[in-house]
Amino acid sequence: MDAEPRRGASQFGTPATLRPRLNFGKLDVNSLKRYQRVHKLQVGVPQTASKEQLVSAVTRHFSAQVVSDELKVIAAFVTAVQKRHPLSKK
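Cut-off values and rules
- Residues numbered from 1 in each chain as written.
- Predicted model: local features only at pLDDT ≥ 70, side-chain atom pairs only at ≥ 80, totals over all residues.
- Heavy atoms only, no water.
- Core = buried A, V, L, I, M, F, W, Y, C linked by side-chain atoms within 4.5 Å.
- Buried < 20%, exposed > 50% of the residue type's maximum accessible area, 1.4 Å probe, protein only.
- Helix = DSSP H or I, 4+ residues; strand = E, 2+ residues; numbered from the N terminus.
- Contact = heavy atoms within 4.5 Å.
- Axes fitted to C-alpha atoms, helices over the stretch in contact; angles between N-to-C directions.
- Parallel < 35°, antiparallel > 145°, perpendicular 65-115°, else oblique.
- Left-handed = near helix turned anticlockwise from the far one by under 90°.
- Patch = residues over 30% accessible without salt bridge, like charges linked within 9 Å, V, L, I, M, F, W, Y side chains within 5 Å.
- Areas by Shrake-Rupley, 256 points an atom, 1.4 Å probe, with all protein chains shown as cover.
- Salt bridge = Lys/Arg side-chain N within 4 Å of Asp/Glu carboxyl O.
- Phe/Tyr/Trp six-rings, centres within 6.5 Å; stacked < 30°, edge-to-face > 60°.

## Examining the nonpolar core
Part 1 of the reasoning: The biggest cluster of nonpolar side chains holds nine residues, and these are F24, L32, Y35, L41, A49, L54, V55, A57 and V58.
Part 2 of the reasoning: Of all the secondary structure elements, the ones that give two or more residues to this core are α1 (29-38) and α2 (51-64).
Part 3 of the reasoning: Among the elements that line this core, the one with the most residues is α2, at four residues.
Part 4 of the reasoning: Excluding its chain neighbours within four sequence positions, the residues that come into contact with L41 are Y35, Q36, A57, V58 and H61.

In structure tokens:
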């Protein structure tokens, strides 16, 4: 994903210039459909939605997400990754 600076302030106090803007157009259609299915996005009929429609819906949904405690989210992510891929296998 491309990281491009944004202007203004983000919703959790960090200047938005530090938040990357993601280019969902670089994802393949299967990944967009998986995102749509997991997050139950309404974009017409899933089999007939165009890539542009999927990109638009995914971008709107992702942009609307609010992170209330960024550090807590990062810690939970790191914990989840560590559980899936332990550094040492016994």
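## Some words on unusual backbone geometry
Part 1 of the reasoning: Its identity is not glycine, yet K40 carries a phi of approximately 55°, on the positive side.
Part 2 of the reasoning: A relative accessible area of 67% places K40 in the exposed class.

## Looking at the packing of α1 against α2
Part 1 of the reasoning: Where α1 meets α2, the axes come as close as 10 Å, and the angle between the chain directions of the two elements is 45°. By the angle class used here, α1 and α2 are oblique. Between α1 and α2 the crossing geometry is left-handed. Judged by residue contacts, V29, L32, K33, Y35 and Q36 of α1 engage K51, L54, V55, V58, H61 and F62 from α2.

## Quick look at the environment of L22
Part 1 of the reasoning: By the secondary structure assignment, L22 is in the segment before α1.
Part 2 of the reasoning: In sequence terms L22 and F62 are 40 residues apart; their C-alpha atoms lie 9.3 Å from each other.

## Examining a nonpolar patch on the surface
Part 1 of the reasoning: A cluster of nonpolar side chains, contributed by L71, I74, F77, V78 and V81, occupies part of the molecular surface with about 480 Å² of accessible area.
Part 2 of the reasoning: By secondary structure assignment, the location of L71 is in helix α3 (residues 70-84).

## Quick look at the packing of aromatic side chains
Part 1 of the reasoning: Per the counting criterion, the structure on display carries two aromatic pairs.
Part 2 of the reasoning: Taking the centre distance of 6.4 Å and the plane angle of 50° together, the rings of F24 and Y35 count as tilted. Here F24, found in the segment before α1, pairs with Y35, found in helix α1; they are 11 residues apart in sequence, far enough to count as distant. Residues F24 and Y35 agree in their burial class; the two are buried.
Part 3 of the reasoning: Ring centres of F24 and F62 lie 5.3 Å apart, and the angle between their planes is 65°; on these two criteria the pair is classed as edge-to-face. Taken together, the residues F24 in the segment before α1 and F62 in helix α2 connect sequence positions 38 residues apart.
Part 4 of the reasoning: In this structure F24 comes out as buried when scored by relative accessible area, which is 8%.
Part 5 of the reasoning: Linked through ring pairs, F24, Y35 and F62 together constitute an aromatic cluster.

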